[in-house]
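So you can see what is in the structure, the chains are spelled out below.
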Amino acid sequence: MTMRKMLYLLLLFLLAGSVVAQVARNPHNLPLVTTAEAYLAEVRQNDDNRMVNLEALIPGIRLDIRYATASNFTGQQIYPYPAAWLRKPAALALVRVQQALDSIGLALLVYDAYRPYAATLKFYEVYPDTRFVADPAKGSRHNRGAAVDVGLIRKTDGSLVPMPTAYDHFGEEAFPTYNKLPQDLKDNRDLLIRTMQRYGFEVINSEWWHFDFVGWQRFSLLDLSFGDLRKANKKAGKKTFMTKELSH
Ligand SMILES: [Zn+2]
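Owing to the predicted nature of the structure, the values given are computational and were not obtained by experimental measurement. (Residues numbered from 1 in each chain as written. Predicted model: local features only at pLDDT ≥ 70, side-chain atom pairs only at ≥ 80, totals over all residues.)

## A few points about the overall build of the chain
If you tally the helices and strands in the chain, you get eight helices and nine strands. Within the chain, the proportion of its 248 residues that are buried is 34%. The contacts in the chain between residues at least 6 apart in sequence include a share of 68% that link residues at least 24 apart. (Helix = DSSP H or I, 4+ residues; strand = E, 2+ residues; numbered from the N terminus. Buried ≥ 20, exposed ≤ 12 C-beta atoms within 10 Å, placed from the backbone. Contact = placed C-beta atoms within 7 Å.)

## Overview of the nonpolar core
Grouped together as the largest cluster of nonpolar side chains are 52 residues, with contacts concentrated most on Leu54, Trp85, Leu86, Leu94, Val110, Ala113 and Val148. The biggest single contributor to this core is helix H4 (residues 88-102), with five residues. (Core = buried A, V, L, I, M, F, W, Y, C linked by C-beta atoms within 7 Å.)

## Some details on the sheet that holds strand S4 (residues 62-63)
Read from one edge to the other, the open sheet built from five strands follows the order S4-S6-S7-S9-S8, with strand pairing classed as mixed. Edge positions in the open sheet fall to S4 and strand S8 (201-204), since each of these has one partner strand only. As paired elements, S8 and strand S9 (residues 207-213) share four bridges and run antiparallel to each other. The residue of S9 that forms the bridge with Glu202 is Asp212. Its contacts with the sheet place helix H6 (residues 183-198) against strand S7 (147-154), S8 and S9, and it is angled at close to 140° to S8. (Pairing = 2+ DSSP bridges. Axes fitted to C-alpha atoms, helices over the stretch in contact; angles between N-to-C directions.)

## Things to note about the pairing of S9
Burial of S9 is extensive: six of the seven residues sit out of reach of the surface. As defined by bridge partners, S7 adjoins S9 across three bridges and the pair is classed as antiparallel. Looking at S9, one finds that Asp149 is bridged to His210.

## Quick notes on the environment of Thr156
With respect to the helices and strands, Thr156 occurs in the loop between S7 and H6. Taking the C-alpha atoms as reference, Thr156 lies 8.3 Å from Leu106; in sequence the two are 50 residues apart.

## Points about H6
Compared with an ideal rise of 1.5 Å per residue, which puts 16 residues at 22 Å, H6 spans 22 Å between its outermost C-alpha atoms and is within 8% of the ideal. Here H6 has its buried residues at Asn188, Arg189, Leu192, Thr195 and Met196. One side of H6 carries all its buried residues, which in axial view fall inside an arc of 135°. Along H6, the residues that are exposed and aim more than 90 degrees away from the buried face are Gln183, Asp187, Arg194 and Arg198. (Expected span 1.5 Å × (residues − 1). Arc of directions from axis to C-beta.)

## Examining unusual backbone geometry
One non-glycine residue with positive phi stands out, namely Asp168, at about 60°. On the secondary structure map, Asp168 appears in the loop between S7 and H6. Given 21 C-beta atoms within 10 Å, Asp168 falls into the buried group.

## With respect to the pairing of strand S6 (residues 106-112)
Most of S6 sits inside the fold, with five of its seven residues counted as buried. Judged from the two bridges that link them, S4 and S6 form a sheet pairing that is parallel. Counted as the bridge partner of Leu63 is Val110 from S6. As paired elements, S6 and S7 share six bridges and run antiparallel to each other. In the sheet register, Leu109 faces S7, and the bridge partner there is Gly151.

## Thoughts on H4
Spanning 15 residues, H4 covers 21 Å between terminal C-alpha atoms, matching the ideal 21 Å at 1.5 Å per step. Within H4, burial applies to Lys88, Pro89, Ala90, Ala91, Ala93, Leu94 and Val97.

## Structural notes on the confidence of the model for the chain
On average, the chain scores 88 in pLDDT, and the residues at 70 or more come to 85%. Every residue in residues 17-21 is under pLDDT 50, and counting partners more than four places away or in other chains gives zero contacts. (pLDDT = per-residue confidence, 0-100.)

## As for the packing of helix H2 (residues 36-45) against helix H7 (residues 226-236)
Between H2 and H7, whose axes approach to 10 Å, the crossing angle comes to 45°. When the interaxial angle is binned, H2 and H7 end up oblique. Our pair here, H2 against H7, has a crossing hand that is right-handed. Each of Ala36, Tyr39, Leu40 and Val43 in H2 lies in contact with H7, whose residues at this interface are Asp228, Lys231, Ala232, Lys235 and Ala236. Here the contact of H2 with H7 is built from residues that sort into six nonpolar, no polar and three charged. (Parallel < 35°, antiparallel > 145°, perpendicular 65-115°, else oblique. Left-handed = near helix turned anticlockwise from the far one by under 90°. Nonpolar A, V, L, I, M, F, W, Y, C, P; charged D, E, K, R; others polar.)

Now the structure itself:
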């Protein structure tokens with residue numbers, strides 16, 4: 001009986017250990033999902049945790065992922081290639097934004113979406129000002145797959161709709177409340193913000209292009225590469241939920 005009890009305790013201990021091992025901690029002691037297995041366990045628990053590739057969901061969506069080039073504030077290429085991923089509910093909300101823009105001849109241009117946690121560490125190293133880059137002790141909402149950086153383009157010729165500043169301009173001109181601007185720039189910015197808000201996104205107070213998906217807190221911080229996500233999603237199975245959920 002005692003032996004049995006000991007074995008039982010040992011088994012419990014091993015099981016607990018394997019669960020804990022799924023969530024790694026970084027130097028800031030933040031819980032991070034760093035393996036495909038841990039990510040898939042979250043998807044099985046709740047399908048809202050699924051990461052969705054925006055290029056697959058929104059045909060024709062335009063990407064200008066600056067961190068996949070050296071043309072960004074770090075001056076270095078951070079991502080191996082351009083890709084835009086978001087958690088399922090955020091991705092579906094973005095489809096609705098795009099549908100609303102369609103009717104006025106505009107389209108979204110995505111500058112950044114999901115950002116692996118390792119990139120956030122890098123950004124802070126280069127630019128340690130938490131007004132403009134995420135504090136690595138907290139992580140970014142981009143690391144949760146619950147934030148997106150967007151601008152607008154005209155569908156007719158693909159030209160950029162002018163905004164108050166360029167993407168990733170660090171300064172008060174980029175604040176959504178900044179008003180010493182020509183009326184058309186204010187109008188363009190406010191149209192983007194209004195449309196994003198209508199479908200569940202909130203603009204942050206220092207960047208007209210950055211939107212958090214409301215309820216971002218429920219998603220874990222991830223540190224998986226785009227390639228890891230693609231492989232993990234193949235294991236997670238079919239994406240038939242899309243058409244069903246978009247039809248109502
Ligand atoms: Zn952002």
